[in-house]
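Observations on the three-dimensional arrangement
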Amino acid sequence: MTQILEFIGFFLEIFVDIQFWRDKKKRRQFEKEQNLPKKLMIHPYAKAVFYSIVITILLGILFSLYQHYFSNANNTIKKLIKVEALIIENKEVDGYYPKKLEDIIRNNPLRKKITLDAWGNEFHYIVLADANTFALISKGKDGILNTNDDLTTANK
């Protein structure tokens, strides 16, 4: 079956090639008769290659944008987990959750930007009324709290 399809494809290629060269010959004769400059004629296979390259580039750009968005979300989740661990560690050491998120930095220059998500927004942190739980939320790409793109972890 595949040999038959290859055979048909081979003859279609020959047909397209012959048709292109016949059309080109007619065009050149017409240009000569009418004293016109030569028109650029592009072979159908060259067009197919060009369009394939353009489509590949566009798909690459779309894929990279898609990956960039999801890598930001993954990096933010990793950072949320790290910040959550620091908050819990603070409770174990001091006996209470920090009042402000900036308290977990503790003059450590490596933790200077730990309170920012991958989009540069400050994490939303509150200690709940019972003082035994807290909420840590990334406002997501839009930077607005309580929208569909907010990220959080299950914390206790």
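Conventions adopted
- Residues numbered from 1 in each chain as written.
- Predicted model: local features only at pLDDT ≥ 70, side-chain atom pairs only at ≥ 80, totals over all residues.
- Heavy atoms only, no water.
- Helix = DSSP H or I, 4+ residues; strand = E, 2+ residues; numbered from the N terminus.
- Rg over C-alpha atoms; globule rule 2.2 N^0.38 Å.
- Buried < 20%, exposed > 50% of the residue type's maximum accessible area, 1.4 Å probe, protein only.
- Contact = heavy atoms within 4.5 Å.
- Areas by Shrake-Rupley, 256 points an atom, 1.4 Å probe, with all protein chains shown as cover.
- Lys, Arg positive; Asp, Glu negative; His and termini not counted.
- Charge placed at Lys NZ, Arg CZ, Asp CG, Glu CD.
- Pairing = 2+ DSSP bridges.

Description of the overall build of the chain
- Broken down by element type, the chain carries two helices and three strands.
- When the elements of the chain are put in sequence order from the N terminus, they spell out α-α-β-β-β.
- Compactness check: the chain gives a C-alpha radius of gyration of 32 Å against a globular reference of 15 Å for 156 residues, more than 25% above the reference.
- Counting only C-alpha atoms and orienting by the principal axes, one finds that the chain spans roughly 95 × 45 × 30 Å.
- When the 156 residues of the chain are sorted by exposure, 22% land in the buried category.
- Long-range contacts, defined here as pairs at least 24 residues apart, represent 41% of the contacts in the chain between residues at least 6 apart.
- Total accessible area on the chain is roughly 11900 Å²; 62% of this is exposed by carbon and sulfur atoms.
- Looking at the chain, you have 23 positive and 18 negative side-chain charges, and the mean spots of the two groups are 10 Å apart.

What about the pairing of strand 1 (residues 124-127)?
- Here strand 1 pairs with strand 2 (residues 134-138) via four bridges, running antiparallel. Bridging across to strand 2, I126 finds its partner in A135.
- Remark: six residues form the turn of the hairpin made by strand 1 and strand 2, two consecutive strands paired antiparallel; A131 in that turn has positive phi of roughly 65°.

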